[in-house]
Amino acid sequence: MTVYLDYAATTPLRKEVFDCYVTFLQQLGNPSSVHSSGQKVRRALEEARESLARSVDCNRNEVIFTSGGTESDNLAIKGLYWQRKAEDDKRNIIISAGTEHHAVIDPIEWLEKHDGAEILWLPVDSEGVIDLDFLATFLSEKADSVAVVTLMWANNETGVITDIPRVVEIAKQYGIPVHSDAIAAFGHLPLSFKDSGLAAMSISAHKIGGPVGAGALLVSRATKLVSLVHGGGQERGMRSGTMNAPVAKAFALAAEIAVNELEPEMQRLKKLRDYLVTEVQSIAPVAKHTGSKAQRMSHNAHFTFEGCSGDSLLFLLDQQGICVSTGSACQAGVNGPSHVLVAMGRSSRDAYGCLRMTLGQESTQEDIDLFLKALPAALEGALKAGLPS
Ligand SMILES: Cc1ncc(COP(=O)(O)O)c(C=O)c1O
């Protein structure tokens, strides 16, 4: 039996979503074609757009379908940077934090290397909380040189939540657009794009019971950005290419279910997570619970285990049928401590020994108990193996 506690990496495709996906895959027609087959697919696509817009509380025209979270982040960051630079060449500063996902960090660093961007990484405390007073002070002095602020709604490794409405409130005084990677947050926290005041927000389907390879960038009607791909001018000219109606349909359905179930699921998963945290701390007093004093998502538990490597723990748990993670799946297999913990000021030694358990729609009490049963032997083995030299 496999126990899956890695919902932040990806989630099981919901049965209803699978059925919807397969049904629409069989429909012939390009949504841009004028004939009735094309228009039928177009209607399905636009229904999906409307439904997704309801789930994230935005206008249907603000939904730009993409191939996933990574593309959405790239489109937002590069697109907003190029737009702002084109309007005013001295606006070259991008503000973000070292705790972001690589889908945000890497495009920013690419712009620094290839396109004259300067980066301000905001200070982050040991709990994973970003210093927004620093942001306010910096903008009061240098707002004229800032292109864009990009900060994630909730951290995919630690589960720590950032006060995005406050970020927007600070940046808005200077007319600076804010993008948020809400990929870890959407489906786990109540979100409203309309109320957030964001210029753009990234979401991804496979984190909420939808298919891999489906995402969206929500772009407010007032926001302009330069497209990364040029072609047929689909999706308000921001993302050319034949639109993928089956994937959009499946994504919209997954989002609808996740949002409808949000409140009871948050309560249910919080209970399971709190039980897991308490029990881990009693089994392993060396376990340090990350971000315990910060505001955190209710389905995430993140620990550092002193004196051992998270990779050893992961491997030894996997041998007992338990799937967990040390951090972002995109970084798995990359040797080195978690960049998120390092950005929080943790020593490399400390950051090596991290383990993330994330729960979701199919998680049960039995899963948690099986994990807790497997943990002591895995921990003993990982402590024996020690840290990489
Ligand atoms: C916070 C965050 N941003 C971006 C991504 C990338 O999303 P995708 O896998 O849809 O490209 C992920 C996926 O792990 C994520 O957790």
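## Thoughts on the sheet that holds strand β12 (residues 354-358)
Paired through backbone hydrogen bonds, the strands of a sheet run either parallel or antiparallel to each other. With respect to topology, three strands assemble into an open sheet ordered β9-β10-β12, the strand pairing being antiparallel. Each of the sheet's edge strands pairs with one partner strand only, and the pair in question is β9 (287-289) and β12. Put simply, the sheet's adjacent strands are angled 30° from each other on average, direction ignored. As paired strands, strand β10 (residues 300-305) and β12 are joined by five bridges and run antiparallel to one another. Along β12, the bridge assignment pairs F303 with L355. Contacts between helix α9 (residues 262-283) and the sheet are confined to β9, β10 and β12, with β10 contributing the most and set at about 15° to the helix. Relative to β12, helix α10 (residues 310-318) is tilted by about 45°, and along the sheet it contacts β10 and β12.

## Thoughts on the pairing of strand β4 (residues 118-122)
Taken together, the five bridges between strand β3 (residues 93-97) and β4 define a ladder with parallel strand orientation. Within the sheet, the bridge partner assigned to I94 lies in β4 and is I119. For the crossover that starts at β3, traverses helix α4 (residues 102-115) and ends in the parallel β4, the hand is right-handed.

## Points about the pattern of salt bridges
Side chains carrying opposite charge are able to pair once their charged atoms draw close together. Counted under the stated rule, the structure contains 22 salt bridges. D133 is the partner of R166 in a salt bridge, and the nearest nitrogen-oxygen pair spans 2.9 Å. Of this pair, R166 sits in helix α6 (residues 164-172) while D133 sits in helix α5 (residues 132-142), and the two are 33 residues apart along the sequence. On the accessibility criterion, D133 (48% relative accessible area) is partly exposed. Salt-bridge contacts for D274 lead to K270; the nearest nitrogen and oxygen are separated by 2.8 Å. Of this pair, D274 and K270 both sit in helix α9, four residues apart, roughly one helical turn. Judged by its relative accessible area of 37%, K270 falls in the partly exposed class. Residues joined by salt bridges that share partners form a network here, namely R42, E46, R49, E50, R60 and E235.

## A word on the domain arrangement of the protein chain
Size of an interface, as often reported, equals the accessible area lost when the parts are brought together. Domain boundaries assigned for the protein chain yield domain 1 (3-11 + 262-385) and domain 2 (15-260). Summarising the inter-unit geometry, the C-alpha centres of domain 1 and domain 2 are found 27 Å apart. Taken together, the contact between domain 1 and domain 2 spans 33 residues of the former and 35 residues of the latter. At the boundary of domain 1 with domain 2, total buried surface from both sides reaches about 2600 Å², with 54% on carbon and sulfur atoms. Among the residues of domain 1 in contact with domain 2, L262, M297 and M344 are the three that bury the most area, contributing 27% of the side total. Where domain 1 touches domain 2, the interface holds zero salt bridges. Counting across the domain 1 and domain 2 interface gives 18 residue pairs in polar contact (both at pLDDT 80 or more). At the level of elements, α9, β10 and α11 (339-343) are the ones that each hand at least two residues to the side of domain 1 that touches domain 2. The element contributing the most residues to the side of domain 1 that touches domain 2 is α11, with four residues. Here the residues of the side of domain 1 that touches domain 2 are counted per class, giving twelve nonpolar, 16 polar and five charged.

## Here's the deal with the state of the cysteines
A complete count under the given rule lists zero disulfides for this structure. We note that C58 lacks a disulfide partner, and the nearest cysteine sulfur, in C20, lies 19 Å from it.

## Points about the site of the ligand
The environment of the ligand is made up of 13 residues, and the closest members are G69, T70, D181, S204 and K207. Take G69: an N or O atom from its main chain is 2.8 Å from an oxygen atom of the ligand. Contact between the ligand and H206: an oxygen atom at 2.9 Å from a side-chain N or O atom of the residue. It is helix α3 (residues 69-87) that contributes the most residues to the shell around the ligand, three residues altogether. Taken together, the residues of the shell around the ligand sort by class into three nonpolar, seven polar and three charged.

Basis of the calculations
Residues numbered from 1 in each chain as written. Predicted model: local features only at pLDDT ≥ 70, side-chain atom pairs only at ≥ 80, totals over all residues. Heavy atoms only, no water. Pairing = 2+ DSSP bridges. Helix = DSSP H or I, 4+ residues; strand = E, 2+ residues; numbered from the N terminus. Axes fitted to C-alpha atoms, helices over the stretch in contact; angles between N-to-C directions. Contact = heavy atoms within 4.5 Å. Right-handed = clockwise from strand over helix to strand, strands pointing away. Salt bridge = Lys/Arg side-chain N within 4 Å of Asp/Glu carboxyl O. Buried < 20%, exposed > 50% of the residue type's maximum accessible area, 1.4 Å probe, protein only. Domains from an automatic or database assignment. Buried area = accessible area lost by both parts, 1.4 Å probe. Polar contact = N/O pair within 3.5 Å; in protein donor to acceptor, adjacent residues only side chain to side chain. Nonpolar A, V, L, I, M, F, W, Y, C, P; charged D, E, K, R; others polar. Disulfide = S-S within 2.5 Å. Near = heavy atom within 4 Å.

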